Amino acid sequence: MKTNRIFQTALAMSSTACVAATAAHAAPVTADVTPTGTVDVTDIFFDDGDAGDISALLDDLEVGLITTTSVQDGFLGLSEEAGVDEAFFLPNGQGPLISVSEIDGSSAAARSQAGNLGVFASARGNESLFDGGAATAQSSFFDLITATSASASGDAELSLQFVLDGSLETKDEAGPISSAALAVAAGTTSDVTVTSDFDSFDADGAVKSTFESELDDIDSDETFGAALIHNISNFDPDSSTTLDGLFVIDDALTFTIPVVLGEEQGIFTALIASAFDGAEVDFFGSLSLFSVILSQNGEEISDAVVTGQISGTLLDPSADPIPLPGAIWLFGAGAALLTTRRRRGVVRT
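Note that the structure is a prediction, hence the values are computed from the model and not measured.

(A) Broad picture of the pattern of salt bridges. For the coordinates displayed, the defined rule picks out one salt bridge. A salt bridge links Asp73 to Arg124; its shortest N-O distance comes to 2.5 Å. Of the two residues, Asp73 is situated in strand β3 (residues 64–73) and Arg124 in the loop between β7 (116–122) and β8 (133–148); the sequence distance between them amounts to 51 residues. Each of the two residues, Asp73 as well as Arg124, counts as buried.

(B) Representation of the confidence of the model for the protein chain in the model. Residues of the protein chain with pLDDT of at least 70 account for 73%, and the chain-wide mean is 77. Per-element confidence in the protein chain is highest for strand β11 (residues 195–196), whose mean pLDDT is 96, and lowest for strand β1 (residues 5–7), whose mean pLDDT is 34. Here residues 1–23 is modelled with pLDDT under 50, and outside its nearest four sequence neighbours on either side it reaches 98 contacts, counting other chains as well. Every residue in residues 326–349 is under pLDDT 50, and counting partners more than four places away or in other chains gives 149 contacts.

(C) Region of the structure containing the packing of aromatic side chains. One pass over the full model with this rule turns up two aromatic pairs. Ring centres of Phe162 and Phe255 lie 6.1 Å apart, and the angle between their planes is 75°; this geometry places the pair in the edge-to-face category. In this pair, Phe162 is assigned in strand β9 (residues 155–170) and Phe255 in strand β16 (residues 245–260), connecting sequence segments 93 residues apart. The same class applies to Phe162 as to Phe255, namely buried. Centroid distance Phe198 to Phe201: 5.7 Å. Interplanar angle 20°. Geometry classified as stacked. Here the basic side chain of Arg111 rests over the ring of Phe284, its NZ or CZ set 5.2 Å away from the ring centre. The positively charged end of Lys208 is found above the aromatic ring belonging to Phe198, 5.1 Å away from the centroid.

What counts as what
- Residues numbered from 1 in each chain as written.
- Predicted model: local features only at pLDDT ≥ 70, side-chain atom pairs only at ≥ 80, totals over all residues.
- Heavy atoms only, no water.
- Salt bridge = Lys/Arg side-chain N within 4 Å of Asp/Glu carboxyl O.
- Helix = DSSP H or I, 4+ residues; strand = E, 2+ residues; numbered from the N terminus.
- Buried < 20%, exposed > 50% of the residue type's maximum accessible area, 1.4 Å probe, protein only.
- pLDDT = per-residue confidence, 0-100.
- Contact = heavy atoms within 4.5 Å.
- Phe/Tyr/Trp six-rings, centres within 6.5 Å; stacked < 30°, edge-to-face > 60°.
- Lys NZ or Arg CZ within 6 Å of the ring centre and 35° of its normal.

See below:
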């Protein structure tokens, strides 16, 4: 089937993450990794090209991985600004897919593959209020999944438990408005409510916030999907205070997505790191799925089977144990640019 629509979800997610190290560190890797079949979507994703090229460029692409990286030297429009932007899409692939951007002490790296997602962003600081660096990295994955059961039918809940491991830091050399943020998101193309246990998530003193988003059909303005975006940052918008120092995070986060047994639906997850004016966010070896549970009315379905179009079997209690995260689709990621077979949509926060 052909893809004639795209979701530009990363733009909305990164806006929630960029609320506004020593010198900024280099990226954990030094070069892009683009497997055969990868499509360079830099112009489209960063809105540098003709929007009319979208359908032709993404024709026949459905599920897959995406990475985007962006770095800028200078910001606030008050100094000469240079930047490097990259975006890649790997349809129907397992990865790894890696994007790297670097400029003048700022660097960003994003990794997406079956098994895990990773992002890294490090920006140079400056004593001036009107200069410095900015970096953003985004990684995401989109798949079409189906949950079935021989003993149950109708509505059910798919719970996906992830380990999130990394750090946010403002350095001694940070500028006066330094900020670091990480956004982690999960969503679906069904018009449902995605939930999580983020309230109990341990962010090591960093500020937590949550954004519920909708996927809307551009043509009809009808809602057809939903996403839940969690933000972890050193900036407290309530008090306009920036928290200094290092925040080390190592905890599990569970997203619960309503599904209809026997029906296929799109599911995605994303990881987005943003660093500004001397901050660093390192979750490059981060997001890992280690538990998949299908339940109904609060009770686990004992004969549940969950399969993905490109990821294969995610859950099958009757089969041999499935190694996690090696067989997992959700970590090719972030959310940046998602495709569907039916509609073109955007995320609204």
